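Here's the letter readout for the chains.
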Amino acid sequence: MVFYFTSNASPPETYTIYMGLDKFENEDLIKWGFPEDIWFHVDKLSSAHVYLRLPKGKNIEAIPQDVLIDCAQLVKANSIQGNKMNNITVVYTPWSNLKKTADMDIGQIGFHSDKAVKTVKVEKRRNEIINRLNKTKKELFPDFREEREERDRQDREEAKKHMREQKNREKEEEKRRKEEAALRDYSTLLTEDKMRSNRECISDEDDFM
């Protein structure tokens, strides 16, 4: 089971936030996340793995501040220890930076690069935010692998479409260059120094008058 929330903290855009029910769900989320997903966790404490799904083409730097606060508050609220504490730190990083090795426990992760990990301070729990998010809460049973494979299929189709459009643009550009070259050649033939009158074209042999 996966819990989905909707953040409307930065209108007019809305953002999907989601988290797994337990460490086994977290394992699937780690494996089949999307490139635009951002992972959140309470630093040095046990907590839910919370993901923010950004629009395609957006990266971690594009997260609106109010949406970032929503994610941090949701992580805190879903940490047994962190929910009882003030002044905690939440870490977040792109899904692609999550590192999973065979010797790690279920649900455990590391990072490919510590430099790609950001932090946000959470002074205290804000119930107005948690209550707003909980009103949007949905419990679903998605097939993570199928969703990721469908997304990858769409990406391949978009890439093929882009290549076709690029080739068509190149063909049109080549056609335009050839047409311009032909016009230049024709204009050169019509210059005054290369034009001859009918009188100039009559040979002496034809002059019988």
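Since the model is a prediction, treat every value here as computed from it, not as a measurement.

## Notes on a positive patch on the surface
Okay, so step 1: A cluster of basic side chains, namely R156, K160, K161 and R164, defines a positive patch on the protein surface.
Okay, so step 2: Structurally, K161 can be placed in helix α4 (residues 144-189).

## Digging into the packing of helix α2 (residues 65-77) against helix α3 (residues 127-134)
Okay, so step 1: Across the interface, α2 lies against α3 with an axial gap of 10 Å and an inter-helix angle of 90 degrees. Here α2 is positioned roughly perpendicular relative to α3, judged by the angle of their axes. Across the interface between the two elements, I69, D70, Q73, L74 and A77 of α2 pack against I129, I130, R132 and L133 of α3.

## What to know about the environment of G110
Okay, so step 1: Relative to the assigned elements, G110 resides in strand β7 (residues 110-111).
Okay, so step 2: Distance from G110 to N97, taken between C-alpha atoms, is 8.4 Å for residues 13 residues apart in sequence.
Okay, so step 3: Not counting residues within four places of it along the chain, the set of residues in contact with G110 comprises N97, L98, K99 and M104.

## Examining unusual backbone geometry
Glycine aside, residues mostly have negative phi angles, and peptide bonds mostly take the trans form.
Okay, so step 1: Of the consecutive residues P11 and P12, the connecting peptide bond is found in the cis state with omega at 10 degrees.
Okay, so step 2: Checked against the element boundaries, P12 lands in the loop between β1 (2-7) and β2 (15-20).
Okay, so step 3: Not every positive phi belongs to a glycine, and K44 is a case in point at roughly 65 degrees.
Okay, so step 4: Assignment of secondary structure puts K44 in the loop between β3 (37-42) and β4 (50-53).

## Focus: the nonpolar core
Okay, so step 1: One finds I38, F40, V50, L52, I63, V90 and Y92 to be the most contacted residues of the largest nonpolar core, which totals 28 residues.
Okay, so step 2: Listed by contribution, the elements that provide at least two residues to this core are β1, β2, β3, β4, α2, β5 (88-94), β8 (118-122) and α3.
Okay, so step 3: Sort the elements by how many residues they give to this core and α2 lands first, with six residues.
Okay, so step 4: V90 has contacts with F40, H41, V42, D43, A72, V75, K118, T119, V120 and V122, leaving out every residue within four places of it along the chain.
Okay, so step 5: With twelve residues, the next largest nonpolar core counts L29, I30, W39 and F144 among its residues.

## Some words on the sheet that holds β8
Okay, so step 1: Spatially, seven strands are ordered β8-β5-β3-β4-β2-β1-β9 in an open sheet, and the strand pairing comes out antiparallel. Each edge of the open sheet is held by one strand with a lone partner, namely β8 and β9 (138-140). Averaged over all neighbouring strand pairs, the angle between strand axes comes to 30 degrees, with direction disregarded.
Okay, so step 2: Where β2 and β4 come together, four bridges link them in antiparallel fashion. Of the residues in β4, the one forming a bridge with M19 is V50.
Okay, so step 3: Across the face of the sheet, helix α1 (residues 23-32) comes into contact with β1, β2 and β4 while running at roughly 130 degrees to β2.

## Notes on the packing of aromatic side chains
Okay, so step 1: In the structure shown here, the tally under the stated rule is four aromatic pairs.
Okay, so step 2: Aromatic pair Y4 and Y18: ring centres 5.6 Å apart, planes at 25 degrees, arrangement stacked. In this pair, Y4 sits in strand β1 while Y18 sits in strand β2, placing the two residues 14 residues apart along the sequence. There is no split in this pair, since Y4 and Y18 are both buried.

## Topic: the pairing of β5
Okay, so step 1: Within β5, seven of the seven residues are buried, which leaves it mostly tucked inside the rest of the structure.
Okay, so step 2: Examined bridge by bridge, β3 and β5 share five bridges and lie antiparallel to one another. Residue H41 lies in a different strand from β5, and its bridge partner there is V91.
Okay, so step 3: Both β5 and β8 contribute to a ladder of five bridges, which runs antiparallel. If you follow T89 over to β8, its bridge partner there is K121.

Basis of the calculations
Residues numbered from 1 in each chain as written. Predicted model: local features only at pLDDT ≥ 70, side-chain atom pairs only at ≥ 80, totals over all residues. Heavy atoms only, no water. Patch = residues over 30% accessible without salt bridge, like charges linked within 9 Å, V, L, I, M, F, W, Y side chains within 5 Å. Areas by Shrake-Rupley, 256 points an atom, 1.4 Å probe, with all protein chains shown as cover. Salt bridge = Lys/Arg side-chain N within 4 Å of Asp/Glu carboxyl O. Lys, Arg positive; Asp, Glu negative; His and termini not counted. Charge placed at Lys NZ, Arg CZ, Asp CG, Glu CD. Helix = DSSP H or I, 4+ residues; strand = E, 2+ residues; numbered from the N terminus. Axes fitted to C-alpha atoms, helices over the stretch in contact; angles between N-to-C directions. Parallel < 35°, antiparallel > 145°, perpendicular 65-115°, else oblique. Contact = heavy atoms within 4.5 Å. Core = buried A, V, L, I, M, F, W, Y, C linked by side-chain atoms within 4.5 Å. Buried < 20%, exposed > 50% of the residue type's maximum accessible area, 1.4 Å probe, protein only. Pairing = 2+ DSSP bridges. Phe/Tyr/Trp six-rings, centres within 6.5 Å; stacked < 30°, edge-to-face > 60°.

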